[in-house]
Amino acid sequence: MFEKGGYIVYGTTGVCEIEDITSPNIEGVPGNRLYYVLNPCFKKGNRIFTPVDNEKVVIRAVMTQEEAASLVDEIPHIEELWEKDDKVRELRYKEAIRSCNPREWIQIIKTSYQRQQQRKAVGKKATTVDERYFKAAEEHLYAELSIALGVPKDEVRDYIQKRLGKEQGN
């Protein structure tokens, strides 16, 4: 069980702060069942009530600062999701988003970016699927890295570029 005031990744909603852990007084909800009251960090206006023992949605702790820095350092070594068949690739993208696994989000970002560059080189636009999943993966990854590293979300891309640039001696 996580603690009040902590941060978790809650399924495809993304990073949430645990506002409370309570047994809500709601009709139809057993009084002895504990629920997290979650506030999504980057989707304001929503409040989520979910059972502490929810097994239908991935709920995990946000990376630590050390884990986040290490993940950023690993980016150049994380493989793309190369799949020639467009429908199979979209299915793999969808599974990767649902996995709540930051390495898989990076795979989507790298794959989509490479595909966009290849298509641009021959005068074509990026596919809608690549654009959509690139944005979704980037949103999830940057939100979690923002919380873990204490960097504003809109500065995470610069943080990654600077860190990787320094690591590679540039």
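As the structure is a computational prediction, the values presented were derived from the model and not from experiment.

**What about the overall build of the protein?**
Thought 1: The helix and strand tally for the protein stands at five helices and five strands.
Thought 2: In sequence order, the protein lays out its α and β elements as β-β-β-β-β-α-α-α-α-α.
Thought 3: Judged by the C-alpha coordinates and their principal axes, the protein covers about 60 × 40 × 25 Å.
Thought 4: When each of the 170 residues of the protein is scored for burial, the buried share is 38%.
Thought 5: A fraction of 56% describes how many contacts in the protein between residues 6 or more apart in sequence connect residues 24 or more apart.
Thought 6: If you sum the accessible surface of the protein, you get close to 10300 Å²; carbon and sulfur atoms cover 47% of it.
Thought 7: Once the 27 positive and 28 negative side-chain charges of the protein are each reduced to a mean point, those two points are 7 Å apart.

**Quick look at the confidence of the model for the protein**
Thought 1: The predicted model of the protein averages 91 in pLDDT, with 96% of residues at 70 or higher.
Thought 2: For the protein, per-element mean pLDDT is lowest for helix 5 (residues 156-167), which scores 87, and highest for helix 1 (residues 65-74), which scores 97.

**Some thoughts on the environment of Ile26**
Thought 1: With respect to the element layout, Ile26 can be found in the loop between strand 2 (14-22) and strand 3 (35-40).
Thought 2: Among the residues examined, Ile26 registers a relative accessible area of 41% and is labelled partly exposed.
Thought 3: The spatial distance from the C-alpha of Ile26 to the C-alpha of Ile109 is 41 Å, given a sequence separation of 83 residues.

**Here's the deal with the pattern of salt bridges**
Thought 1: With the rule as written, the count across this model stands at ten salt bridges.
Thought 2: The partner of Glu19 in a salt bridge is Arg47, and the shortest N-O contact between them spans 2.7 Å. Note that Glu19 is positioned in strand 2 and Arg47 in the loop between strand 3 and strand 4 (48-51), a separation of 28 residues in sequence.
Thought 3: The class for Glu19 is partly exposed, based on a relative accessible area of 29%.
Thought 4: The class for Arg47 is partly exposed, based on a relative accessible area of 48%.

**Some details on the nonpolar core**
Thought 1: With 32 residues, the main nonpolar core has Ile108, Leu141, Leu145 and Ile160 as its most contacted residues.
Thought 2: Counting only elements with at least two residues in this core, the list comes to helix 1, helix 2 (86-99), helix 3 (102-121), helix 4 (128-149) and helix 5.
Thought 3: Here this core gets nine residues from one element, more than from any other, and that element is helix 4.
Thought 4: Non-local contacts of Ile108, meaning those with residues more than four positions away in its chain, are made with Leu81, Tyr93, Ala96, Ile97, Tyr133, Phe134 and Ala137.
Thought 5: Among the nonpolar cores identified, the runner-up in size contains seven residues, and Ile8, Cys16, Leu38 and Ile48 belong to it.

**A word on the packing of aromatic side chains**
Thought 1: Tallying each qualifying case throughout the model produces two aromatic pairs.
Thought 2: Measuring from ring centre to ring centre gives 6.1 Å for Phe2 and Tyr36, while their planes differ by 45°; the resulting arrangement is tilted. Taken together, the residues span a long stretch of sequence, with Phe2 in the segment before strand 1 (7-10) and Tyr36 in strand 3 at a distance of 34 residues.
Thought 3: When its relative accessible area of 1% is taken as the criterion, Tyr36 is described as buried.
Thought 4: Arranged with centres 5.5 Å apart and planes meeting at 50°, the rings of Tyr93 and Tyr133 form a pair that is tilted. Pair noted here: Tyr93 is in helix 2 and Tyr133 is in helix 4, with a separation of 40 residues, a long-range link.

Definitions and limits used
- Residues numbered from 1 in each chain as written.
- Predicted model: local features only at pLDDT ≥ 70, side-chain atom pairs only at ≥ 80, totals over all residues.
- Heavy atoms only, no water.
- Helix = DSSP H or I, 4+ residues; strand = E, 2+ residues; numbered from the N terminus.
- Buried < 20%, exposed > 50% of the residue type's maximum accessible area, 1.4 Å probe, protein only.
- Contact = heavy atoms within 4.5 Å.
- Areas by Shrake-Rupley, 256 points an atom, 1.4 Å probe, with all protein chains shown as cover.
- Lys, Arg positive; Asp, Glu negative; His and termini not counted.
- Charge placed at Lys NZ, Arg CZ, Asp CG, Glu CD.
- pLDDT = per-residue confidence, 0-100.
- Salt bridge = Lys/Arg side-chain N within 4 Å of Asp/Glu carboxyl O.
- Core = buried A, V, L, I, M, F, W, Y, C linked by side-chain atoms within 4.5 Å.
- Phe/Tyr/Trp six-rings, centres within 6.5 Å; stacked < 30°, edge-to-face > 60°.

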